[in-house]
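Single-letter residue listing:
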Amino acid sequence: MKAGGEDLLAEVLEAFFLILAGLMIAYLVRHYIFTITVLKNHQKPKRVNTAENITFQPTISVLIPAHNEEKVVGRTIQRMTELTYPKDKLQIIIIEDASTDKTGAIADQYAAMHNHIKVIHRDRKVGGRGKASALNAGLKRAAGEIIVCFDADYYPQPDFLERITKEFVNPKVGVVQGRITVLNEPYNIVTRLVALERIGGYRIDQQARDNLGLITQFGGTAGGIRRSLLESLGGWNESILAEDTDLTLRVYLAGYKVSYLNEAESYEEAVESWQAYWKQRYRWAKGHMQCAFKHSFNVIRSKNLGLKEKIDGLLMLNVYFMPILALLLWATFIPLLILKPSPLFGAVWALLPFPLYSFVGNFAPFFEVGIGTYLDGRTRANWLIPLLIFTFLYNIPICTKAFADLLISKILGKDDNHWEKTVHSGNGNCYIGS
Amino acid sequence: MRMVPNPTSTTFFLLVLGILAFIIIMLLPALVEWKKPKDAGPRRIMGHMFFAQTEIGDMMTDAEEEHVFDKMLVDRIAGIIAFLPNLEA
């Protein structure tokens, strides 16, 4: 007969295990719903052109924050000069954010040649504090009704602005997000795997959220927002590392929505090493967790969100906790095999699929990426999907460290929001010259 | 005396073998595509053919790099010239 304490521990562990397994399954079901939704709707056009949205041409300010981006910023600004949107309604603002390289000089030369290009130089006293801070500096100088953001390594299609502005005809649309495609994909295995993640994230996740009327995410770049809305929300939040997710939630809580447009596309440069991948994902994970702490209760209480939006909002906000919970799920499974609190855990073979299912990096996201590449007509890229298991496993220590650091900073009452910048090399960019 | 296989160890052996086979089958195509990519590359977004010949890029080249390039070019030309008499011979 087991001791009482051991029984209690076993029952607690069992309950914990089942809750974690339930959460895993909720995310898996979500991925399947997203994928099937996109598969069912992929041939339907997003919107029918009307006289109103064809003639709608608001003034636009494009903000490009750039901190030490000399290798890519020239190409991006050059592309801005090639945009087909009327120049008299377009303002390009490059926020040179305390750079120590030639970024400022390159931007200045373009500004000298093009009247609609302006450069803001921020010295080390005020600049270099992250993207949100730079964007807020740009917002003060922006004159357009719509604020569009591009990172310094972005390369949009020429009519990107015409495409996204059509969406703003709907007064409920506060933000429009375009699609992002990895340009340096062939460079190495890291860029190839990031490209697959992006395909799943945009071609499927974002598209499905838009189709289902859920919480579509503003990615902080390759998208536009109404200036009036942005100003009423107080601009970008400089105390959160995921300023884009924070803005997304504030937009929805204010009663507006984010629209995703798969047909408005921009290239980006993906991280090229596992070290850079760690830094970027660490920032995303920590920022997302900050947003989860800040907004989860606001989402539950909001009167502007329906039930399905609330559920999706909570799942989206807490997604970076899942790698940690997967780790806990496996860790809980081992003592449960020994303690066997109920007949349920005696049946090892019946339960084995649970940890295996979560271990194999969730088959549903793999399915999602597979369908995404299929819809893009890239069936050969599918062959790499099993390698995504390694990015999933890599995300476990990344998210765990982000969570631990966040907890420590909360306990110490000292928020460490150092912005670890992604370095862009301009390497391996097929299709376009540099 | 005949050896009788232990059912427990046989099951364990088959399980390990099965898992290994599963992993190999799952990863093999990925490894093939990784080492010898046949994928056509990134999706071509509309308007990609606009070749970004930067106006500024060439103007920003480092004078020192230019000097190194010039020296390399001169050395190569000198090498070719030195080879020419041999051709005639």
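The residue numbering used here restarts from 1 in each chain and proceeds along that chain's sequence as written. Chain A is the first chain written and ligand 1 is the first ligand written, with later ones labelled in order. Only residues with pLDDT of at least 70 are given local features in this predicted model, and only at 80 or more are side-chain atom pairs given and counted; all residues enter the totals for whole chains, interfaces and linings.

Asker: Explain the overall build of chain A to me, and be specific about the residues and the numbers.
Answerer: Secondary structure elements are taken from DSSP: a helix is a run of H or I of four residues or more, a strand is a run of E of two residues or more, and numbering for both begins at the N terminus. Per the secondary structure count, chain A includes 17 helices and 8 strands. Note on burial: count the other C-beta atoms lying within 10 Å of the residue's C-beta; 20 or more is buried, 12 or fewer is exposed, in between is partly exposed, and C-beta positions come from the backbone. Counting the 434 residues in chain A, one finds 47% classified as buried. Note on contacts: residues are paired as contacts if their backbone-placed C-beta atoms lie within 7 Å. For chain A, long-range pairs separated by at least 24 residues make up 83% of all intrachain contacts whose partners lie at least 6 apart in sequence.

Asker: Can you explain the confidence of the model for chain B? Please cite residues and give values.
Answerer: Residues and elements named next belong to chain B. The predictor attaches a confidence to each residue, and that confidence, scored 0 to 100, is pLDDT. The predicted model of chain B has a mean per-residue pLDDT of 67, with 43% of residues at 70 or higher. Counted against residues more than four places away or in other chains, residues 49-66, with its pLDDT under 50, gives 23 contacts. Two numbers describe this predicted complex: its pTM, 0.83, and its ipTM, 0.74.

Asker: So what's going on with the pairing of strand β2 (residues 90-97) of chain A? Residues and values would help.
Answerer: Residues and elements named next belong to chain A. Of all 8 residues making up β2, 8 are buried, and the element is well covered by its neighbours. Neither face of β2 is left uncovered, since the one carrying Leu90, Ile92, Ile94 and Glu96 and the one carrying Gln91, Ile93, Ile95 and Asp97 both have all their residues buried. Note on pairing: DSSP must find at least two bridges between two strands before they are called paired. In this sheet, β2 lies alongside strand β1 (residues 60-66) in parallel orientation, the contact comprising 7 bridges. What sits directly across from Ile64, in β2, is Ile94. Crossover β1 to β2 through helix α3 (residues 73-81) is right-handed. By convention, orient the strands away from the viewer: a clockwise path from the first strand over the helix to the second makes the crossover right-handed.

Asker: Residue-level account of the pairing of strand β8 (residues 257-268) of chain A, with values.
Answerer: Residue and element names in this part refer to chain A. Of all the 12 residues making up β8, 10 are buried; the element is thus mostly covered by neighbouring parts of the structure. With 2 bridges connecting them, strand β5 (residues 155-156) and β8 associate as antiparallel partners. Paired with Tyr155 across the strands is Tyr267, a residue of β8. Looking at chain direction, strand β6 (residues 173-182) and β8 are connected through 9 bridges and run parallel. Along β8, the bridge assignment pairs Gln177 with Tyr260.

Asker: Please provide a residue-by-residue account of the sheet that holds β8 of chain A, values included.
Answerer: Sheet strands pair by backbone hydrogen bonding; their relative direction is either parallel or antiparallel. Residues and elements named next belong to chain A. The sheet built from 8 strands is open, its strands ordered β3-β2-β1-β4-β7-β6-β8-β5 with mixed pairing. Looking at strand neighbours, the two that pair on one side only are β3 (117-122) and β5, the edges of this open sheet. Working convention: axes come from line fits to C-alpha atoms, limited for helices to the stretch in contact. Angles between N-to-C directions cover 0 to 180 degrees. The strands touched by helix α4 (residues 103-113) are β1, β2 and β3; relative to β3, the strand with the most contacts, the crossing angle is about 155°.

Asker: Explain the packing of helix α1 (residues 4-41) of chain A against helix α12 (residues 322-339) of chain A to me, using residue names and the numbers behind them.
Answerer: Residues and elements named next belong to chain A. It is at 9 Å that the axes of α1 and α12 come closest, and there the two elements cross at 140°. Every pair of crossing elements has a handedness; the one defined by α1 and α12 is left-handed. Contacts from Glu6, Leu9, Ala10, Leu13, Glu14, Phe16, Phe17, Leu20, Ala21, Leu23, Met24 and Tyr27 in α1 reach Met322, Leu325, Ala326, Leu328, Leu329, Thr332, Phe333, Pro335, Leu336 and Leu339 in α12. Each residue receives one of three labels: charged for Asp, Glu, Lys and Arg, nonpolar for Ala, Val, Leu, Ile, Met, Phe, Trp, Tyr, Cys and Pro, and polar for the others, Gly being one of them. When its residues are assigned to classes, the contact of α1 with α12 shows 19 nonpolar, 1 polar and 2 charged. Should the near helix be turned anticlockwise from the far one by less than a right angle, the crossing is left-handed, and should it be turned clockwise, the crossing is right-handed.

Asker: Mind laying out helix α9 (residues 243-253) of chain A, listing which residues take part and the relevant values?
Answerer: Residues and elements named next belong to chain A. Here α9 lies mainly inside the structure; 10 of its 11 residues are buried. Those residues of α9 lying buried are Glu243, Asp244, Thr245, Asp246, Leu247, Thr248, Leu249, Arg250, Val251 and Tyr252. Turning to α9, the residues buried within the fold contact α5 (131-141), β6, α8 (227-232), β8 and α10 (274-301). In the segment just after α9, Gly255 is the residue with positive phi, at about 95°.

Asker: Would you mind going over unusual backbone geometry in detail, with residue names and values included?
Answerer: Residues and elements named next belong to chain A. With phi around 50°, Asn68 is a residue other than glycine that occupies positive phi space. Locating Asn68 in the fold gives a position in the loop between β1 and α3. Positive phi values are uncommon outside glycine, yet Ala222 reaches one of about 55°. Its place among the elements puts Ala222 in the loop between α7 (189-212) and β7 (223-226).

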